[in-house]
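# Geometric and topological summary
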Amino acid sequence: MSKERIKTAQAFGKLRKSGENKAAENTIPVPAGSTKAKKRLGRGIGSKTGKTGGRGSKGQYARNTVRRGFEGGQMPIHRRLPKRGFTSIFHKDFFPVNLRDLEKSGLTGNIDAKIMVQSKILDKEGTPFKILGTGEIKKAIHIVADRVSKTAREKIEKAGGSVKLRSELASKEA
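Residues numbered from 1 in each chain as written. Predicted model: local features only at pLDDT ≥ 70, side-chain atom pairs only at ≥ 80, totals over all residues. Heavy atoms only, no water.

### Some thoughts on the sheet that holds strand E3 (residues 129-132)
Put simply, the rule reads: Strands qualify as paired when DSSP identifies two bridges or more between them. Secondary structure elements follow DSSP: runs of H or I of four or more residues count as helices, runs of E of two or more count as strands, with numbering from the N terminus.
Overall, parallel pairing links the three strands, which are arranged E1-E3-E5 in an open sheet. Of all strands in the sheet, those bounded by a partner on one side alone are strand E1 (95-98) and strand E5 (147-148). Summarising the sheet, E3 and E5 pair through two bridges and their orientation is parallel. By the bridge assignment, Lys-130 is partnered in E5 with Arg-147.

### A few points about the pairing of E3
On a regular strand, each side chain points to the face opposite its neighbour's, so the side chains alternate between the two faces of the sheet. Spelled out, the test is: Summary of the burial criterion: residues with accessible area below 20% of their type's maximum are buried, those above 50% are exposed, and those between are partly exposed, where the area comes from a 1.4 Å probe applied to protein chains only.
Of the two faces of E3, only the one carrying Phe-129 and Ile-131 is buried; Lys-130 and Leu-132 on the other face are not. When E1 meets E3, the two strands line up parallel, connected through four bridges. Following the sheet pairing, Asn-98 is matched in E3 by Leu-132.

Such coordinate-based values are descriptive only and should not be taken to indicate function.
Here you go:
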């Protein structure tokens, strides 16, 4: 350990013991000479870094014309890397709700988004959700959902319930 670092560590220890500086308890001191001031360019020809400001005279790099990502005529990396996949702008995410979640919450009768928010299965009423077939359902439920998997529909109907989609109800009302 250098002498400077030992001195700063000792000074830091004294501050903590005396309790004078509470803010210093949670900060590590910066060793002297570890931070350097930014070079001040363009302050006259007598300053060594004036006039051309360390860029030399003339040329592409003196004129500030090199754009970000330019590799000197070489094919830039953003064009060399392969482009893969596709992101649909029409993709819609559905919150998954399993039958075991409905069974565990003890919901019976008519179930819609409002009731599912009250039982804390969904966060918001407007959240699109899909009923999935994981788990078993013993009671008859009549559910209104955005989407339903085939197995979930079969299990709900087998238990004596029914499934309606929000989109079908909205088109009937309009």
